[in-house]
Amino acid sequence: MSPTIGVKICGLTEPAGLDAAIAHGADWVGFVFFPRSPRHVTPAQAAGLIARVPTGGPRRIGLFVTPTDAAIEAVLDTTTLDGLQIYAGDERAMAIRLRFGLPVWQARGVAAAADLPAASRMDGLVIESRPPASADRPGGNGRAIDWTITRGWSAPAPWILAGGLTPDNVAEAVARSAAPAVDVSSGVESAPGRKDPDLIARFIRTARQTAAQSPAASPYQPG
Ligand SMILES: O=C(O)c1ccccc1NCC(=O)[C@H](O)[C@H](O)COP(=O)(O)O
């Protein structure tokens, strides 16, 4: 049986998009706790959405940018997450891992093969384009990396390809990058922050039809 491609739908803000991700078998659904994002949700809003995720459904990932412990606590006091996607350096990401006991995916912005990490203590890595210094947020920008740079990379942790993916390019991205899993936000939206259920369905269907090009380990599934 050919290995499947893991799929994360990130930046969910409304029931329709979340329900489509669930119905079409996304492995992970992401919720953005970053006020400058058009996909920002409050802990209470996230709790209302996460209540729709059935047992055995996609893993629930909370996304934080250089967060304080209090910011993460405010979310975990309100709802349940299966993992944390963290935009922060190694030491802070590891401290969060130890403090909260949840799997941590560290986001890593890369511009060239030399930027790909050779070692990592994280549970997973989100590999995406390094934003320009002027960017008002580190992710969710629709910016793709050169997908060839990850082919042949000996990843030190389970990893997921993110950035600029769409239903129309995800097959090519997987074929060229040998990514075992993919992550999308703006590429399945009709407007910033408005997920399109049909685009979500097509993205997942297309990704699933694309057998992984490398004997990659099964995509990371938070415990
Ligand atoms: O989605 C956001 O608005 C966002 C804001 C701040 C930090 C990270 C953010 N998204 C993180 C993700 O995991 C996105 O899915 C990833 O960056 C890919 O985004 P896109 O290029 O829009 O598919």
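Quantities reported herein were computed from a predicted structural model and do not represent experimental measurements.

Caption draft 1: A look at the overall build of the protein. Scanning the protein for helices and strands turns up six helices and ten strands. Taking 17 Å as the expected radius of gyration for a compact globule of 223 residues, we find that the protein reaches 16 Å, a close match to that expectation. C-alpha extents for the protein along the principal axes are approximately 40 × 40 × 35 Å. Within the protein, buried positions represent 52% of all 223 residues.

Caption draft 2: Main features of the site of the ligand. With respect to spatial proximity, 25 residues lie near the ligand, and among them Ser37, Arg39, Glu128, Asp183 and Ser186 are the closest. Within the side chain of glutamate 128, one N or O atom sits 2.5 Å away from an oxygen atom of the ligand. Between the ligand and serine 186 there is a distance of 2.5 Å, counted from an oxygen atom to a side-chain nitrogen or oxygen. When isolated, the ligand has an accessible area of 520 Å², and the protein chains bury 100% of it. A majority-of-atoms criterion places the ligand in the largest cavity. Elements with a minimum of two residues in the shell around the ligand: strand E3 (59–65), strand E4 (83–87) and strand E8 (181–184). Across the shell around the ligand, the residue classes break down as nine nonpolar, ten polar and six charged.

Caption draft 3: How the structure looks around the pattern of salt bridges. According to the stated counting rule, one finds 17 salt bridges in the structure shown. Residue aspartate 19 pairs with arginine 52 through a salt bridge whose shortest N-O separation is 2.6 Å. Separated by 33 residues along the polypeptide, aspartate 19 in helix H1 (residues 15–23) and arginine 52 in the loop between helix H2 (43–50) and E3 bring together distant segments of the chain. Among the residues examined, aspartate 19 registers a relative accessible area of 30% and is labelled partly exposed. Under the relative-accessibility criterion, arginine 52 is labelled partly exposed at 40%.

Caption draft 4: Representation of the UniProt feature "domain: N-(5'phosphoribosyl) anthranilate isomerase (PRAI)" (unreviewed entry) in the protein in the model. When the UniProt feature table is mapped onto this chain numbering, "domain: N-(5'phosphoribosyl) anthranilate isomerase (PRAI)" (unreviewed entry) sits at residues 7–205. Secondary structure over residues 7–205 splits into 27% helix and 23% strand, and the C-alpha atoms at its two ends are 10 Å apart.

Caption draft 5: How the structure looks around empty space enclosed by the protein. According to the stated counting rule, one finds three cavities of 30 Å³ or more in the structure shown. Space inside the largest cavity adds up to approximately 260 Å³. Surrounding the largest cavity, 26 residues form its lining, Tyr87, Glu128, Gly139, Gly140 and Ser185 being those nearest its centre. Counting only elements with at least two residues in the lining of the largest cavity, the list comes to E3, E4 and E8. In terms of residue class, the lining of the largest cavity is made up of ten nonpolar, eleven polar and five charged. In this structure, the second largest cavity encloses a volume near 50 Å³. Lining the second largest cavity, in full, are Glu128, Ser129, Pro131, Pro138, Gly139, Gly140, Asn141, Gly142, Arg143 and Gly163.

The rules behind these values
Residues numbered from 1 in each chain as written. Predicted model: local features only at pLDDT ≥ 70, side-chain atom pairs only at ≥ 80, totals over all residues. Heavy atoms only, no water. Helix = DSSP H or I, 4+ residues; strand = E, 2+ residues; numbered from the N terminus. Rg over C-alpha atoms; globule rule 2.2 N^0.38 Å. Buried < 20%, exposed > 50% of the residue type's maximum accessible area, 1.4 Å probe, protein only. Near = heavy atom within 4 Å. Polar contact = N/O pair within 3.5 Å; in protein donor to acceptor, adjacent residues only side chain to side chain. Areas by Shrake-Rupley, 256 points an atom, 1.4 Å probe, with all protein chains shown as cover. 1 Å grid on protein atoms, 1.4 Å probe; cavity = no way out; pocket = protein on both sides within 12 Å on 5 of 7 lines; lining within 4 Å. Sits in = over half its atoms within 2 Å of the grid points. Nonpolar A, V, L, I, M, F, W, Y, C, P; charged D, E, K, R; others polar. Salt bridge = Lys/Arg side-chain N within 4 Å of Asp/Glu carboxyl O. UniProt positions renumbered as here; feature names shortened; annotations may be inferred. Points joined across faces, edges and corners; volume = space filled by probe spheres on them.

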